[in-house]
Amino acid sequence: MTDDTTPQEANEVRLVGRVSAEPVRQELPSGDQVVTMRLVVPRARVRATGGVKGPTVDTIDVACWSGRSRASALRLHEGDHAEVCGALRRRFFRAGGAAVSRYEVEASAVRRVRA
């Protein structure tokens, strides 16, 4: 039970940006399907002195596992603007014999938006 002073834990992400390339559908050895894409999200970079330096971007990997999010992502094209809602996930895998990790957004909802 929580009261008003207990912080609520959450892992919720909402991004709005530009699709950097055509979304890619993959079938995994398990038979599961995933659609991956990258979203370019602009942001203002803040200087250590507190001033804004010029605009820059973050490029965020997005994974769509549910049927609905996969279908929505596959309707997007390079250059479209989209909103992605989901959760931040850290994935671990082996590459070149070494253990590596990557952060990505696991999308629960994807939709095209106007620029």
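In case you missed it, the structure is sitting above this.
From a predicted model like this one, the values you see are computed outputs, not experimental measurements. (Residues numbered from 1 in each chain as written. Predicted model: local features only at pLDDT ≥ 70, side-chain atom pairs only at ≥ 80, totals over all residues. Heavy atoms only, no water.)

Engineer: Could you give me a rundown of the side chain of Glu-83, with the residues and numbers involved?
Structural biologist: Counting through the fold element by element, Glu-83 comes out in strand β5 (residues 81-95). Reaching out from Glu-83, the side chain makes a polar contact with the side chain of Arg-14 at a distance of 2.6 Å. Within the structure, Glu-83 has its side chain in polar contact with the side chain of Arg-111 (distance 2.6 Å). Beyond its immediate sequence surroundings of up to four residues, Glu-83 is in contact with Arg-14, Leu-15, Val-16, Ala-109, Val-110, Arg-111 and Val-113. (Helix = DSSP H or I, 4+ residues; strand = E, 2+ residues; numbered from the N terminus. Polar contact = N/O pair within 3.5 Å; in protein donor to acceptor, adjacent residues only side chain to side chain. Contact = heavy atoms within 4.5 Å.)

Engineer: Help me get a handle on helix α1 (residues 67-74), residues and values and all.
Structural biologist: All buried positions along α1 are accounted for by Ser-69, Ser-72 and Ala-73. All buried residues of α1 fall inside an arc of 100° around its axis, so they share one side. (Buried < 20%, exposed > 50% of the residue type's maximum accessible area, 1.4 Å probe, protein only. Arc of directions from axis to C-beta.)

Engineer: I'd love a proper account of the pattern of salt bridges, names of residues and values included.
Structural biologist: Inspection of the entire model under this criterion finds eight salt bridges. Residues Asp-58 and Arg-43 are paired through a salt bridge, measuring 2.6 Å at the closest nitrogen-oxygen approach. Of this pair, Asp-58 sits in strand β4 (residues 52-64) while Arg-43 sits in strand β3 (residues 33-46), and the two are 15 residues apart along the sequence. Linking Glu-83 and Arg-111 is a salt bridge whose minimum nitrogen-to-oxygen distance equals 2.6 Å. Of this pair, Glu-83 sits in strand β5 while Arg-111 sits in strand β6 (residues 98-113), placing them 28 residues apart in sequence. Relative accessible area serves as the criterion here: at 48%, Arg-111 is assigned to the partly exposed category. (Salt bridge = Lys/Arg side-chain N within 4 Å of Asp/Glu carboxyl O.)

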